[in-house]
Amino acid sequence: MSRYDPATLEPKWQKAWDEAGTFLARRSDDKPKYYVLEMFPYPSGRIHIGHVRNYTMGDVIARYKLATGHNVLHPMGFDAFGMPAENAAMASGGHPADWTYANIDAMVAQMKPLGFGLDWSRMFATSDPEYYGQQQSLFLDFMEKGLVYRKNAVVNWDPVDMTVLANEQVIDGKGWRSGADVERRELTQWFFKISDFSGELLDALDGLDNWPAKVKLMQANWIGRSRGLQFAFGMVEPTKTHDRVEVYTIRPDTLLGASFIGISPDHPIAKELEAHDPKVAAFCAEARKGGTTEEALEKAEKLGFDTGLKVRHPFDTAWELPIYIANFILMDYGTGAIFGCPAHDQRDLDFARKYKLPVTSTFVPLSGEHTLPEDGGAAFVPPKTEPVHWTLPFNWPEEATGEQAIDAAIAFCEDKGVGQGVTKFRLRDWGLSRQRYWGAPIPVVHCGDCGVVPEKKENLPVVLPMDVTLDIPGNPLDRHPTWRDVPCPRCGKPAKRETDTMDTFVDSSWYFARFTAPHAKTPTDLAEAAYWMNVDQYIGGIEHAILHLLYSRFFARAMHICGHLPESAIEPFDALFTQGMVTHAIYQTRDAQGRPVYHYPEKIIWKDGKAFVAANVTVGGQQITVGGEPVVTEVEIIPSAKMSKSKNNVVDPVAIIEQYGADTARWFVLSDSPPERDVEWTASGAEATSKHLARVHRIATDIAASDAAPNEADDALLREMHKAIFDVTGGIESFGFNAAIAKLYAFTNTLQKSTAGAAARRDAMKTLAQLMSPMTPHLAEEIWSMLGGEGLIANAPWPVADEAMLVSDTVTLPIQINGKRRSEITVPKDMPKEEVEKRALADDAVLKALAGGQPRKLIVVPGRIVNVVL
RNA sequence: GCCCGAGUGGCGGAAUGGUAGACGCAGCGGAUUCAAAAUCCGCCGCCGAAAGGCUUGCCGGUUCGAGUCCGGCCUCGGGUACCA
């Protein structure tokens, strides 16, 4: 009798699938197509357990759809541009390309043994010139359609390294390498006009029926449609360039509570003052310190500078309001200027108290105690749908909601000619410029005579030069004359290439379309795209709920406008599933400069429940030890965070695969945890999973050798089998993989204990193998062939539950007394309600509780429950 | 700060508004064995001797009935536009 030996069995079946071309996708009209895609990985060098979880889920769907008669496309590639490759090159020399492609090779080698049903023939990396060349072509098409433009935008600037920093490289407001205070600086950058699509991207969310509601809500809030008032405050004394301050507000109803005007340090008025007032310049310099993230801006201490300038209130020209320059106002939002109403905005209230500005409530609660903000209370900011009492309405009743007041205020202001109702969106245009080497070059040339000139399509791809080094900060493309100096594509005079590269989100915004024809000479092949698009099921982490998914939705629209996708593909993902993240503790120490240093979990030494890491004390390359023990430093444990290469808290699944095999790893990551929930990684339990699979193998071996005669247990086993088919199929369809696996455990127990005849047990075992095959495909193939199944189980039609076998004749009803379960009765399935009531009232526990009295109420939910209310 | 989630035994978790704790892990007891491994059988939320009571982060509400719906908190996680 053969033992369960994944080490020989798994390569055998992988070879069989390869030879049969089981997972190669070809267009075909005899079956419905099904495109399943998992978000492709960044080639960090090692797959981690989150990847295994993600790709196993996708593979379960892919294999299930294949078994249910679909023509399946299930591709894989790599999101290969980005900062980690540059960081690696900086840290240890070498070239980002070498590092990236070596990592891709390593990760493919780690993924293949997992037996994923992928069409590897379609694989590409976004750093392949073939791919990014087509992306450059798309960029030029977008440019021609007016979807690309340049404007100034702020970046994080490291004044010591003289380089732009990513948000991730700003730690506590300081540059990660130099430790210098980060400043905000303006640069001319490239933008996609995603804001042209704000309304449509928002409205179209309604049609995404198979997307999680939370993702749609997050996107809707992100796009953020608001109806507000745009108007101007006239200045009491104009400056050289301005006689008014243009403001946009979503709370025009609080205009009578206005107390100051705030403008961004980058507002034209601020810049004008800065030029000849050193005090203003000093304040603006201070205000520009710190990172550019919304979080940093919101949480920074609110600072203001009284410019001495004043504006007149539009309703009362005698009422003057001061103009402050304030560090929390961004030029990118609205008009870069606000009016502050401290009574109804906590941030404005904090600001007003700090700078001794007036506070005036314009509404109060209808009832209850209320301390006015002007008397020391908190800002009163009720939901806009809640009715409040207005002390200062313009043209609406004293009792009205915020919404009603806003609408009335806009109408009032429009009528008086004070301003205009304007719909605005929070969504900003997508800045795609990156001042970095390892990305797709933006294919334009700057010519002294012609200005910005698109590169000719026949000159694409604009290939990254390979002779660069990253040992000094900054973008090596800026200091690469032979690459940078080119003739102008229009006039032929000497000109310079754009040295900005594209945001890596551009790379991932259309790869799903490229998979339909990965080697086409145009971005897509329309016939292939029309056949395979849309992605029927997209699977990936919730961390991509906003940016990646929104950018992809924009790209699909833009690609349609340029003729690269059919109109039916402007929403590229029919169904979305967001899996939870695999988290792990982060182990952190700090270096001499106080900057964090992260350590891999396997480097941690545990002692008395505390974590240590070998101190980095070496002499002549030898780790210093004391009495044979390494010198250790205690490690700070940051409880649980998304596995991330940059934090070194990744766990390698390779050990599990090597020890127990791919099927164990696959089953293990799917069992127990619901797919949408985050899981704190632990490997305990992998051994038990392996034992379970060995048990299934053993049962199959026994059954293959059995010749028991049919008997009365056959029917019971087959009923359980059909119930298992029903439950497992439902589980897979609804991403309830953990619940499906629980049913498979239960059915395995039933089958093991069953005394049914050989034929029934054989049927049950073959069905069990089929139901397990999406999760543990190698073991399933082995059992299938052991029991004489025809062909590969991967191609065998999925079993169908016989509904007649699912119903039983009797049903057991719990009896509750006052909502607490006290007893139960078993009755025929179709027993009339009156009869059930009679039986329930005759139940001992009920008789005892009633003590001769009558129930106040008797509730019978047929087939479910009886509740007796005393 | 703001937006979006999550919270159930020692652990992972199950549960169309209807028997809370399925299934699994760990643990405990037993069978088998010279012994062990492997395997098989059983027990396993908390308190209580028992009867019984309590129990789904906390507080309140709706309901005959709430883990599930509503309101308010707490804690943790994700995002916050240059991490991918």
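Residues numbered from 1 in each chain as written. Chains lettered and ligands numbered in written order. Predicted model: local features only at pLDDT ≥ 70, side-chain atom pairs only at ≥ 80, totals over all residues. Heavy atoms only, no water.

Trainee: What is the right way to read the overall build of chain A from this model?
Mentor: If you tally the helices and strands in chain A, you get 26 helices and 41 strands. C-alpha extents for chain A along the principal axes are approximately 105 × 85 × 70 Å. Of all 870 residues assigned to chain A, the portion counted as buried reaches 54%. Within chain A, contacts between residues separated by at least 24 positions form 71% of all contacts whose residues are at least 6 apart in sequence. Looking at charge distribution, chain A has the averaged site of its 90 positive side-chain charges lying 1 Å from that of its 114 negative ones. (Helix = DSSP H or I, 4+ residues; strand = E, 2+ residues; numbered from the N terminus. Buried < 20%, exposed > 50% of the residue type's maximum accessible area, 1.4 Å probe, protein only. Contact = heavy atoms within 4.5 Å. Lys, Arg positive; Asp, Glu negative; His and termini not counted. Charge placed at Lys NZ, Arg CZ, Asp CG, Glu CD.)

Trainee: Would you explain the side chain of Ser508 in this entry?
Mentor: Inspection of the secondary structure puts Ser508 in the loop between α14 (504-507) and α15 (511-514). Judged by relative accessible area, Ser508 falls into the buried class, the value being 5%. Within polar-contact distance, the side chain of Ser508 engages the backbone oxygen of Phe505 at 3.3 Å. (Polar contact = N/O pair within 3.5 Å; in protein donor to acceptor, adjacent residues only side chain to side chain.)

Trainee: Even after reading the chapter, I still don't get the packing of helix α20 (residues 686-704) against helix α22 (residues 737-753), so can you show me in this structure?
Mentor: Helices that pack against each other are described as a pair by the angle of their axes relative to one another and the distance between those axes. Close contact between α20 and α22 brings their axes to 11 Å; oriented N to C, the two are set at 35 degrees. Handedness of the crossing formed by α20 with α22: left-handed. Residues His692, Arg695, Val696, Ile699 and Ile703 of α20 form the contact with α22, whose own contacting residues are Tyr745, Thr748, Asn749, Leu751 and Gln752. By residue class, the composition of the contact of α20 with α22 is 5 nonpolar, 4 polar and 1 charged. (Axes fitted to C-alpha atoms, helices over the stretch in contact; angles between N-to-C directions. Left-handed = near helix turned anticlockwise from the far one by under 90°. Nonpolar A, V, L, I, M, F, W, Y, C, P; charged D, E, K, R; others polar.)

Trainee: Can you help me understand the packing of aromatic side chains in this one?
Mentor: Ring pairs (aromatic) are described by centroid distance and by the angle formed between their planes. Throughout the structure, instances matching the rule amount to 50 aromatic pairs. Members of the aromatic cluster, connected to one another through ring pairs, are Phe139, Phe142, Trp190, Phe192, Phe197, Trp430, Phe505, Tyr551, Phe554 and Phe555. Lying across the ring of Tyr149, Lys193 places its NZ or CZ 6.0 Å from the centre. We note Lys766 situated over the ring of Trp784; from NZ or CZ to the ring centre the distance is 5.1 Å. (Phe/Tyr/Trp six-rings, centres within 6.5 Å; stacked < 30°, edge-to-face > 60°. Lys NZ or Arg CZ within 6 Å of the ring centre and 35° of its normal.)

Trainee: I'm lost on the protein's contact with RNA strand B in this one. Help?
Mentor: Near RNA strand B, the surroundings consist of 67 residues, among which Glu294, Arg436, Arg821, Arg864 and Asn867 are the closest. The sugar-phosphate share of atoms of RNA strand B within 4 Å of the protein amounts to 63%. Here a sugar or linking oxygen of RNA strand B sits 3.1 Å away from a polar atom, N or O, in the side chain of Ser673. In this structure, Asn749 approaches RNA strand B through a side-chain N or O atom, which is 3.2 Å from a phosphate oxygen. In terms of residue count, the dominant contributor to the surface near RNA strand B is α22 (6 residues). Split into classes, the residues belonging to the surface near RNA strand B amount to 24 nonpolar, 18 polar and 25 charged. (Near = heavy atom within 4 Å.)

Trainee: Honestly, the pairing of strand β20 (residues 444-447) in this entry has me stumped. Any pointers?
Mentor: Each regular strand carries side chains that alternate between the two faces of the sheet. Summarising the sheet, β20 and strand β21 (residues 451-454) pair through 4 bridges and their orientation is antiparallel. Counted as the bridge partner of His446 is Val452 from β21. Two successive antiparallel strands, β20 and β21, enclose a turn made up of 3 residues. Direction of pairing for β20 relative to strand β23 (residues 494-497): antiparallel, over a ladder of 2 bridges. Counted as the bridge partner of His446 is Lys496 from β23. (Pairing = 2+ DSSP bridges.)

Trainee: Is there a simple way to explain the side chain of Glu455 in this structure?
Mentor: Its place among the elements puts Glu455 in the loop between β21 and α13 (481-484). For Glu455, the side chain forms a polar contact with the side chain of Arg497, separated by 3.0 Å. Among residues more than four places away in sequence, those in contact with Glu455 are Leu140, Pro443, Val444, Val445, Leu460, Val462, Pro489 and Arg497.

Trainee: How do you make sense of the sheet that holds strand β15 (residues 387-390) when you look at a structure like this?
Mentor: Two strands in a sheet stick together by hydrogen bonds in their backbones, pointing the same way (parallel) or opposite ways (antiparallel). The 3 strands lie next to each other as β14-β15-β16, forming an open sheet whose pairing is antiparallel. Both outer strands of the open sheet, β14 (363-364) and β16 (399-401), are each paired with one neighbouring strand and no more. Two elements, β15 and β16, share 3 bridges in a ladder whose sense is antiparallel. Paired with His389 across the strands is Glu399, a residue of β16. Running at roughly 90 degrees to β16, helix α12 (residues 402-416) makes contact with β15 and β16 of the sheet.

Trainee: Please clarify how the sheet that holds strand β7 (residues 183-192) should be interpreted in this entry.
Mentor: Read from one edge to the other, the open sheet built from 4 strands follows the order β4-β3-β7-β18, with strand pairing classed as antiparallel. Both outer strands of the open sheet, β4 (163-165) and β18 (430-431), are each paired with one neighbouring strand and no more. For strand β3 (residues 148-158) and β7, the ladder comprises 10 bridges, and the chain directions are antiparallel. Looking at β7, one finds that Trp157 is bridged to Glu183.

Trainee: What am I meant to see in the pattern of salt bridges here?
Mentor: Oppositely charged side chains are able to pair whenever their charged atoms sit close together. Counted by the stated rule, this structure contains 35 salt bridges. Ionic pairing is found between Arg122 and Asp119, a salt bridge with its closest N-O pair at 3.0 Å. Taking relative accessible area as the criterion, Arg122 reaches 7% and is therefore assigned buried. Lys289 is the salt-bridge partner of Glu286, the closest N and O atoms lying 3.5 Å from each other. (Salt bridge = Lys/Arg side-chain N within 4 Å of Asp/Glu carboxyl O.)

Trainee: What's the story with unusual backbone geometry in this structure? I'm lost.
Mentor: Trans peptide bonds make up most of the peptide bonds, and negative phi angles are found at most residues other than glycine. Here Leu460 and Pro461 are connected by a cis peptide whose omega angle stands at -5 degrees. Residue placement: Pro461 occurs in the loop between β21 and α13. Cis rather than trans, the peptide bond between Met533 and Asn534 has omega equal to 5 degrees. With respect to the helices and strands, Asn534 occurs in the loop between α16 (526-532) and β25 (537-541).

Trainee: Help me understand helix α7 (residues 213-223) in this model?
Mentor: Given 3.6 residues per turn, any residue in an α-helix points the same way as the ones three and four places further on. Where α7 is concerned, the buried positions are Val215, Lys216, Gln219 and Ile223. Each buried residue of α7 lies within a common arc of 100 degrees when the element is viewed along its axis, so the set occupies one face. Exposed positions of α7 whose direction lies more than 90 degrees from the buried face are Ala213, Leu217 and Asn221. Elements that come into contact with the buried residues of α7 comprise α6 (198-203), β8 (225-235), β17 (419-425), α17 (547-561) and β26 (576-579). Count one or two residues on from α7 and you reach Gly224, which has phi positive near 60 degrees. (Arc of directions from axis to C-beta.)

Trainee: Any chance you could explain the environment of Leu768 here in plain terms?
Mentor: Within the secondary structure layout, Leu768 lies in helix α23 (residues 758-772). For Leu768, a relative accessible area of 1% translates into the label buried. Here the alpha-carbon distance between Leu768 and Ile725, two residues 43 residues apart in the chain, equals 8.4 Å. Beyond its immediate chain neighbours, meaning those up to four positions away, Leu768 contacts Val696, Leu744, Phe747, Thr748 and Leu751.

Trainee: Can you walk me through the nonpolar core in this structure?
Mentor: Nonpolar side chains in soluble globular proteins generally cluster together in the buried interior. The biggest cluster of nonpolar side chains holds 85 residues, and the ones touching the most others in it are Ile732, Met765 and Met775. Aside from chain neighbours lying at most four places away, what touches Met765 is Val696, Ile699, Ala700, Ile703, Leu751, Ile783 and Leu787. By size, the runner-up hydrophobic cluster in this structure holds 74 residues, among which are Ala440, Leu477, Tyr511 and Phe512. (Core = buried A, V, L, I, M, F, W, Y, C linked by side-chain atoms within 4.5 Å.)

Trainee: Sorry if this is basic, but what is going on with the packing of helix α2 (residues 49-67) against helix α19 (residues 662-670) here?
Mentor: At a minimum axis separation of 9 Å, α2 and α19 run at an interaxial angle of 95 degrees. Compared by their axis directions, α2 and α19 come out roughly perpendicular. On α19, the residues touching Ile49, Val52, Arg53, Thr56, Met57, Asp59, Val60 and Arg63 of α2 are Arg666, Val669 and Leu670. (Parallel < 35°, antiparallel > 145°, perpendicular 65-115°, else oblique.)

Trainee: Just to check I follow, could you spell out the environment of Gly133 for this structure?
Mentor: Take Gly133: it is sitting in helix α5 (residues 129-144). What makes Gly133 buried here is its relative accessible area of 6%. It is 8.1 Å that separates the C-alpha atoms of Gly133 and Ala440, two residues lying 307 residues apart in sequence.

Trainee: Looking at this structure, how should I read the environment of Ile406?
Mentor: Within the secondary structure layout, Ile406 lies in helix α12. Distance from Ile406 to Arg185, taken between C-alpha atoms, is 36 Å for residues 221 residues apart in sequence. Beyond its immediate stretch of four places on either side in the chain, Ile406 contacts Arg227, Ile250, Arg251, Pro252, Asp253 and Lys384.

By themselves, these observations are geometric and do not establish any function.
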